[in-house]
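Observations on the three-dimensional arrangement
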Amino acid sequence: MGFGEGIKNRSGYDGDMMESLYIIGVIILGFGVMAKLLYDLGNQIDEGLIELDEKLALAIQSVVEKIPGLGNSEPINPIQMAFAQLIGNMAQQKQVIIPPKIIERDQKGLFVSKDE
């Protein structure tokens, strides 16, 4: 046996086994730290999305308020609504319906003029 080989420490493990246990401990600690960081990152992303949603809602609300007729404007006057319906009905009654023309074809499939 060489120097230090087979020498056990107070816990009863030899040097190579202790080294492996230290490495395993560091790896487990690293996974724990990584899990904590991912958990904190997830919470920050959730908070950021909530904040972004609130800011986006405020921006949309301010834009909609500036558009006439969509914002906090007064309701439509019933008399104005009646006039709008009256004008729409009058426009529909004045529509001219053009009847379709039937144009005949000859034996070759060409259109025939009415002069013939």
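Going by the structure above, here's the rest.
Below: a short report on this structure.

Cut-offs and rules
- Residues numbered from 1 in each chain as written.
- Predicted model: local features only at pLDDT ≥ 70, side-chain atom pairs only at ≥ 80, totals over all residues.
- Heavy atoms only, no water.
- Helix = DSSP H or I, 4+ residues; strand = E, 2+ residues; numbered from the N terminus.
- Buried < 20%, exposed > 50% of the residue type's maximum accessible area, 1.4 Å probe, protein only.
- Areas by Shrake-Rupley, 256 points an atom, 1.4 Å probe, with all protein chains shown as cover.
- Salt bridge = Lys/Arg side-chain N within 4 Å of Asp/Glu carboxyl O.
- Patch = residues over 30% accessible without salt bridge, like charges linked within 9 Å, V, L, I, M, F, W, Y side chains within 5 Å.
- Expected span 1.5 Å × (residues − 1).
- Polar contact = N/O pair within 3.5 Å; in protein donor to acceptor, adjacent residues only side chain to side chain.

Section: the overall build of the protein chain
Helix and strand counts for the protein chain stand at two helices and zero strands. Residue burial in the protein chain is summarised as follows: out of 116 residues, 2% are buried. Surface summary for the protein chain: the accessible area is close to 11,600 Å², and the carbon and sulfur share equals 64%.

Some thoughts on the pattern of salt bridges
Summed over all chains, the structure comprises two salt bridges. Among the salt bridges present, the one from Lys-36 reaches Asp-40, with a minimum N-O distance of 3.1 Å. Separated by four residues within a single helix, Lys-36 and Asp-40 lie in helix α1 (residues 15-66), roughly one turn from each other. Look at Asp-40 and you get partly exposed, because its relative accessible area is 29%.

Some words on a nonpolar patch on the surface
Taken together, the side chains of Ile-23, Ile-27, Phe-31, Met-34, Leu-38, Leu-41, Ile-45, Leu-49 and Leu-52 define a hydrophobic patch exposed on the protein surface, amounting to about 900 Å² of accessible area. Within the secondary structure, Leu-49 is located in helix α1.

Quick word on helix α2 (residues 78-93)
For α2, built from 16 residues, the straight-helix expectation of 22 Å at 1.5 Å per residue is met to within 8% by its first-to-last C-alpha distance of 23 Å. Among the 16 residues of α2, zero are classified as buried, and the element is accordingly described as predominantly exposed. For α2, the N-terminal capping position is held by Asn-77, with its side-chain oxygen 3.1 Å away from the main-chain nitrogen of Ile-79.

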